[in-house]
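# Summary of the model geometry
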Amino acid sequence: TRNPHGYKGRGVALFFSSELGDVADGATVIARDPGGRYLIVQCKIYNRNTVFVVAHADNESDTQQEEFYNRLHAAMPTYSTDVDYYFMMDANNVANWLQDHRDCNGTGGGNLRHPKGVAAMQDWLRAYQVTDAFRHCWPNKREYTRDHKEHDRIMHQRRLDRIYVSTRVATTQACPVL
């Protein structure tokens with residue numbers, strides 16, 4: 001089946017471990033993108049109110065990415081300090097160009113900077129007081145989740161896939177778990 005935008009097979013999913021108990025029985029889908037780009041689920045994990053966001057951001061243009069993050073933000077439930085938030089996403093942008101990007105051929109590394117998309121994403125992340133789990137645990141480590149290749153040669157690398165967690169959850173003791 002084709003969606004209205006003509007893409008095949010787009011979608012995101014969220015699975016819960018059976019070790020968490022009957023999470024799925026009490027889970028509520030808060031919002032889902034008709035184009036399959038995000039899913040927002042509210043549930044209880046170990047008796048804590050929890051919201052999960054699974055997302056694959058637009059990357060066709062900076063404006064489309066900005067609109068994506070604004071739509072996602074608008075679909076979210078109101079922020080509460082009594083909720084743990086987990087945002088798992090292919091952000092399709094690099095929030096910290098110096099740490100999360102590596103030029104492998106001396107050309108500057110492409111044009112996926114998306115300044116309006118990054119700004120809209122950062123507004124959303126600040127509103128929900130979440131932090132980059134990887135950067136929290138390894139503030140200076142350089143790791144990448146995407147290699148851009150041309151003719152089997154890596155041109156540049158970027159960390160596009162990220163998990164953001166409530167600041168309350170992100171403790172030094174949690175690093176092995178995160």
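All of the points below concern the structure found in this document. Here the structure is a predicted model, which is why all the values come from computation and not from measurement. (Residues numbered from 1 in each chain as written. Predicted model: local features only at pLDDT ≥ 70, side-chain atom pairs only at ≥ 80, totals over all residues. Heavy atoms only, no water.)

## Remarks on the sheet that holds strand β1 (residues 28-32)
Stated formally: For two strands to be treated as a pair, DSSP must find at least two bridges joining them. Secondary structure elements follow DSSP: runs of H or I of four or more residues count as helices, runs of E of two or more count as strands, with numbering from the N terminus. Angles shown run from 0 to 180 degrees and are taken between the N-to-C directions of axes, each axis being a line fitted to C-alpha atoms and, for helices, limited to the stretch in contact. Note on contacts: a residue pair is in contact if any heavy atoms of the two residues lie within 4.5 Å.
Spatial ordering of the open sheet is given by β1-β2-β3-β4-β9-β6, a layout of six strands whose pairing is mixed. Looking along the sheet, the strands with just one partner apiece sit at the ends: β1 and β6 (130-132). The average angle at which neighbouring strand axes cross in this sheet is 20 degrees, direction not considered. Pairing of strand β2 (residues 38-45) with strand β3 (residues 48-56) involves eight bridges; the strand directions are antiparallel. Following the sheet pairing, Ile40 is matched in β3 by Val53. Here helix α2 (residues 62-75) sits on the sheet in contact with β1, β2, β3 and β4 (83-90), set at roughly 30 degrees to β2. Packing against the sheet, helix α3 (residues 115-127) makes contact with β3, β4, β6 and β9 (161-166), and its axis sits at approximately 160 degrees to β4.

## Considering the environment of Val51
Note on placement: Val51 falls in strand β3. C-alpha separation for the pair Val51 and Ile30, spaced 21 residues apart in sequence, amounts to 9.0 Å. Those residues in contact with Val51 that sit more than four places away from it in its chain are Ile40, Val41, Gln42, Met76, Pro77, Val83, Asp84, Tyr85 and Tyr86.

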